[in-house]
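# Fold and contact review
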Amino acid sequence: MKRTIRVGLVQQSCTPDLKLNLEKLHRNIASVAQAGAQLVVLQELHNTPYFCQTEDTSLFDLAEPIPGPSTGFYSEIAAAYHIVLVTSLFERRAAGLYHNTAVVFDADGSIAGKYRKMHIPDDPAYYEKFYFTPGDLGFEPIETSIGKLGVQVCWDQWYPEGARIMALKGAELLIYPTAIGWESSDTQEEKMRQLGAWVTVQRGHAVANGLPVIAVNRVGLEPDPSGQTNGIQFWGNSFVAGPQGEIIAQASNLKEENMVVEIDMDRSENVRRWWPFLRDRRIDEFEQLTRRFID
């Protein structure tokens with residue numbers, strides 16, 4: 001019997017009002033769940049605007065423990081709609097120690113597992129190293145009632161090594177909650193190059209590992225509180241790619257959008273038989289991959 005999973009992608013904008021953001025998230029999750037989604041994926045740091053545009057110690061007040069208020073909120077939603085739910089939270093592990101953490105809830109509302117973002121950027125308007133300690137939980141798939149999920153977060157999506165390790169540990173889906181967009185001073189040509197690279201590298205993870213990829217990005221303009229830049233125009237384009245990199249569904253770059261996408265989970269088995277990349281890997285020659293650079 002053919003095995004399929006219906007996945008709900010929630011691409012939305014955020015306001016400074018936490019209560020309104022949570023209410024909208026609840027509505028959107030309910031919408032895709034009622035449309036048949038068994039797995040729902042949210043964007044990176046979805047509770048609030050993307051606060052890493054500036055370095056401000058008062059913003060550490062946004063962080064919370066896991067378990068905590070947000071995990072309680074999303075646990076109830078997952079249980080109410082009997083869905084597996086992938087969330088993205090600002091974790092307060094201890095005073096002065098914080099992580100960018102994806103928390104996965106199973107269909108009964110229990111926490112199936114969490115993943116702490118491993119690669120932390122430090123670029124203009126993306127000052128994440130100020131806020132987040134690099135993850136220390138490794139690249140471990142999270143076992144759920146619908147399968148093993150290879151969840152990573154945003155900047156991790158540019159690194160083939162993380163996707164590969166997830167695949168080698170039995171992940172059945174690669175999932176990336178994301179917050180990425182354009183700076184207004186970039187030319188239109190440069191904007192299209194950036195977007196194209198973002199989609200292409202993740203389609204490459206799908207091809208190289210013979211696995212579907214789910215990427216969910218936020219959308220809308222978020223001003224820079226410092227006024228030093230014109231803010232970030234998050235580019236949306238949330239998408240699902242199949243195990244040969246084929247685009248199954250893709251959202252727009254300008255509007256909030258909910259999608260429910262059916263993924264054929266048997267297709268990975270067939271693709272890996274046609275293209276046996278895992279069989280042919282020269283693992284005896286890969287020792288140098290652990291070096292920063294080979295001089």
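See the structure above.
Below is a short write-up of the structure. (Residues numbered from 1 in each chain as written. Predicted model: local features only at pLDDT ≥ 70, side-chain atom pairs only at ≥ 80, totals over all residues. Heavy atoms only, no water.)

## Examining the sheet that holds strand S14 (residues 232–235)
- Strands sit in the order S11-S14-S13 across an open sheet of 3 strands; the sheet is antiparallel. A strand with exactly one partner marks an edge of an open sheet, and here the two such strands are strand S11 (181–183) and strand S13 (219–222). The sheet shows a mean angle of 20 degrees between the axes of neighbouring strands, direction not considered.
- In this sheet, S14 lies alongside S13 in antiparallel orientation, the contact comprising 4 bridges. Looking at S14, one finds that Glu-222 is bridged to Ile-232.
- Contacts between helix H4 (residues 188–209) and the sheet are confined to S11 and S14, with S11 contributing the most and set at about 155 degrees to the helix. (Pairing = 2+ DSSP bridges. Helix = DSSP H or I, 4+ residues; strand = E, 2+ residues; numbered from the N terminus. Axes fitted to C-alpha atoms, helices over the stretch in contact; angles between N-to-C directions. Contact = heavy atoms within 4.5 Å.)

## Re the packing of helix H1 (residues 18–34) against helix H2 (residues 69–81)
- At a minimum axis distance of 11 Å, the contact between H1 and H2 shows a crossing angle of 20 degrees. With respect to H2, the axis of H1 lies roughly parallel. When you trace H1 past H2, the crossing you get is right-handed. Between H1, through Leu-22, Leu-25, His-26, Ile-29, Ala-30, Ala-33 and Gln-34, and H2, the contact on the second element is made entirely by Phe-73, Tyr-74, Ile-77 and Tyr-81.
- Residues of the contact of H1 with H2, tallied by class, amount to 9 nonpolar, 2 polar and no charged. (Parallel < 35°, antiparallel > 145°, perpendicular 65-115°, else oblique. Left-handed = near helix turned anticlockwise from the far one by under 90°. Nonpolar A, V, L, I, M, F, W, Y, C, P; charged D, E, K, R; others polar.)

## Concerning H4
- Between its first and last C-alpha, H4 extends 32 Å over 22 residues, near the 32 Å set by a 1.5 Å rise per residue.
- Within H4 the residues assigned to the buried category are Lys-191, Leu-195, Trp-198, Val-199, Val-201, Gln-202, His-205, Ala-206 and Asn-209. The arc enclosing the buried residues of H4, seen along the axis, measures out at 150 degrees, which places them on a common side. Away from its buried face by more than 90 degrees, H4 exposes Glu-189, Arg-193 and Thr-200.
- Two residues or fewer past H4, Gly-210 is found with a positive phi of approximately 65 degrees. (Expected span 1.5 Å × (residues − 1). Buried < 20%, exposed > 50% of the residue type's maximum accessible area, 1.4 Å probe, protein only. Arc of directions from axis to C-beta.)

## Considering the sheet that holds strand S10 (residues 173–178)
- The 6 strands lie next to each other as S8-S9-S10-S12-S15-S16, forming an open sheet whose pairing is mixed. The open sheet has two free edges, formed respectively by strand S8 (142–144) and strand S16 (247–250), since each of these has just one partner strand. Averaged over all pairs of adjacent strands, the angle between strand axes in this sheet comes to 20 degrees, irrespective of strand direction.
- Sheet topology note: the strand S9 (residues 147–151)/S10 ladder contains 3 bridges and is parallel. Within S10, the position partnered with Gly-150 by the bridge is Leu-174.

## Some remarks on the environment of Tyr-159
- Within the element layout of this structure, Tyr-159 appears in the loop between S9 and helix H3 (160–168).
- The exposure class of Tyr-159 is partly exposed, given its relative accessible area of 27%.
- With 43 residues separating them along the chain, Tyr-159 and Gln-202 place their C-alpha atoms 9.1 Å apart.
- Once you skip the residues sitting within four places of it in the chain, Tyr-159 turns out to touch His-119 and His-205.

## Here's the deal with the layout of surface pockets
- The space that makes up the largest pocket amounts to roughly 520 Å³.
- As for the largest pocket, its lining consists of 18 residues, and the residues nearest its centre are Pro-160, Glu-161, Gly-162, Ile-165 and Leu-289.
- Contributing elements (two or more residues each) for the lining of the largest pocket: H3 and H4.
- Looking at which element gives the most residues to the lining of the largest pocket, the answer is H3, with 6 residues.
- Taken together, the residues of the lining of the largest pocket sort by class into 7 nonpolar, 6 polar and 5 charged.
- Estimated volume of the second largest pocket: approximately 360 Å³.
- Along the wall of the second largest pocket there are 20 residues; nearest its centre are Asp-123, Tyr-126, Ile-180, Gly-181 and Gln-194.
- No other element matches S11, which puts 3 residues into the lining of the second largest pocket.
- Considering only residue class, the lining of the second largest pocket consists of 12 nonpolar, 4 polar and 4 charged. (1 Å grid on protein atoms, 1.4 Å probe; cavity = no way out; pocket = protein on both sides within 12 Å on 5 of 7 lines; lining within 4 Å. Points joined across faces, edges and corners; volume = space filled by probe spheres on them.)

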